[in-house]
Amino acid sequence: MVKITFIDATGVARTADGEVGSTVMETAINNAVPGIEAECGGACACSTCHVYIDPAWQEKVGGPSPMEEDMLDFAYGIQPNSRLSCQIKVTKDLDGLVVRTPERQA
């Protein structure tokens, strides 16, 4: 299992175990992490699983695909480190990943 820490807009941190091969969004949903709505179920068809990647992890996580960039246009409070958590595959290299959830999802 891979440890992923989700920090909400008020600063409350929750660490969850993610299964290699799943996504950061699935990890959030499976662990009842507040702030991730995932209305499309991970199909990259909405922006309700928007997260901010901690700057220390941005290079390792990588940037969004063109399709993800299009969906991020609908996200609330977009920042340069914004990603859709449904598009981030959990790998062993992401053990310790830190993401923040926005104040609200669009």
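Refer to the preceding data block for the structure.
> I would appreciate a short explanation of the overall build of the protein in the present structure.
Of regular secondary structure, the protein possesses 3 helices and 5 strands. Seen in sequence order, the protein has helices and strands lined up from the N terminus as β-β-α-β-α-α-β-β. For a compact globule of 106 residues, the expected C-alpha radius of gyration is about 13 Å, and the protein comes in at 12 Å, within 12% of that figure. For the protein, the spread of C-alpha atoms along the three principal axes comes to 30 × 25 × 25 Å.

> Please clarify how the pattern of salt bridges should be interpreted in this entry.
Side chains that carry opposite charge are capable of pairing whenever their charged atoms lie near each other. Counted according to the given criterion, the structure contains 3 salt bridges. With its nearest N and O atoms 2.7 Å apart, the salt bridge here joins lysine 3 to aspartate 17. In this pair, lysine 3 is assigned in strand β1 (residues 2-7) and aspartate 17 in strand β2 (residues 13-18), connecting sequence segments 14 residues apart. Aspartate 17 sits in the partly exposed class, given a relative accessible area of 33%. Note that arginine 83 and glutamate 68 form a salt bridge whose closest N and O atoms lie 2.7 Å from each other.

> Is there a simple way to explain the nonpolar core in this structure?
Across soluble globular proteins, nonpolar side chains have a tendency to be buried as a group. Judged by nonpolar contacts, the single largest core of 28 residues is most densely connected at Phe6 and Leu97. Of all the secondary structure elements, the ones that give two or more residues to this core are β1, α1 (24-30), β3 (50-53), α3 (66-72) and β5 (97-100). Broken down by element, the residue count for this core peaks at 4 residues, all from β1.

> When you look at the sheet that holds β1 in this model, what are you seeing that I'm missing?
Strands belonging to one sheet form pairs held by backbone hydrogen bonds; the direction of such a pair is parallel or antiparallel. One open sheet accounts for 5 strands, arranged β2-β1-β5-β3-β4; its pairing is mixed. Each edge of the open sheet is held by one strand with a lone partner, namely β2 and β4 (82-84). Within this sheet the neighbouring strands show an average axis-to-axis angle of 40°, counted without direction.

Cut-off values and rules
- Residues numbered from 1 in each chain as written.
- Predicted model: local features only at pLDDT ≥ 70, side-chain atom pairs only at ≥ 80, totals over all residues.
- Heavy atoms only, no water.
- Helix = DSSP H or I, 4+ residues; strand = E, 2+ residues; numbered from the N terminus.
- Rg over C-alpha atoms; globule rule 2.2 N^0.38 Å.
- Salt bridge = Lys/Arg side-chain N within 4 Å of Asp/Glu carboxyl O.
- Buried < 20%, exposed > 50% of the residue type's maximum accessible area, 1.4 Å probe, protein only.
- Core = buried A, V, L, I, M, F, W, Y, C linked by side-chain atoms within 4.5 Å.
- Pairing = 2+ DSSP bridges.
- Axes fitted to C-alpha atoms, helices over the stretch in contact; angles between N-to-C directions.

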